[in-house]
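A look at the structure
These are the residues of each chain, in order.
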Amino acid sequence: MAKKTPSLAIGRGEKLPVKQGAGLTAKGRAKYNAATGSNLKAPQPEGGPRKKSFCARMSGMPGPMKDEKGRPTRKAASLKRWKC
């Protein structure tokens with residue numbers, strides 16, 4: 001049985017807007033973990049094994065780095081925030 005993912009919103013402070021680096025806040029991670037039984041952790045941009053793994057996975061994801069108006073996508077913002 002598939003688990004339902006919770007609805008996360010910028011307005012409720014659960015995720016960051018693209019201008020601030022995209023990604024989940026502590027509140028968003030707590031909500032997601034409670035709803036799915038996961039154990040999401042905070043970003044590790046300064047280094048470590050999770051940074052290397054994240055950069056490898058996200059860099060290979062399909063999708064553009066900029067939208068049709070030339071603005072960076074959430075993918076691009078998250079890679080920048082993790083310093084990939």
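Figured I'd write up the structure that's included with this text. (Residues numbered from 1 in each chain as written. Predicted model: local features only at pLDDT ≥ 70, side-chain atom pairs only at ≥ 80, totals over all residues. Heavy atoms only, no water.)

It is worth spelling out helix H3 (residues 74-81) at this point. Within H3, the full set of buried residues consists of Lys75, Ala76, Ala77, Ser78 and Leu79. Those residues of H3 that are buried lie in contact with helix H2 (49-59). (Buried < 20%, exposed > 50% of the residue type's maximum accessible area, 1.4 Å probe, protein only. Helix = DSSP H or I, 4+ residues; strand = E, 2+ residues; numbered from the N terminus. Contact = heavy atoms within 4.5 Å.)

Turning next to the packing of aromatic side chains. On inspection of all chains with the given rule, the structure shows 1 aromatic pair. A ring pair is formed by Phe54 and Trp82, whose centres lie 4.2 Å apart and whose planes are at 20°; its orientation type is stacked. In this pair, Phe54 sits in helix H2 while Trp82 sits in the segment after H3, placing the two residues 28 residues apart along the sequence. (Phe/Tyr/Trp six-rings, centres within 6.5 Å; stacked < 30°, edge-to-face > 60°.)

It is worth spelling out the packing of H2 against H3 at this point. One can describe the packing of H2 onto H3 by two numbers: an axis separation of 11 Å at closest approach and a directional angle of 155°. The orientation of H2 with respect to H3, classified from their angle, is roughly antiparallel. Handedness of the H2/H3 crossing: left-handed. Where H2 approaches H3, its residues Phe54, Met58 and Ser59 are matched on the opposing element by Lys75, Ser78 and Leu79. (Axes fitted to C-alpha atoms, helices over the stretch in contact; angles between N-to-C directions. Parallel < 35°, antiparallel > 145°, perpendicular 65-115°, else oblique. Left-handed = near helix turned anticlockwise from the far one by under 90°.)

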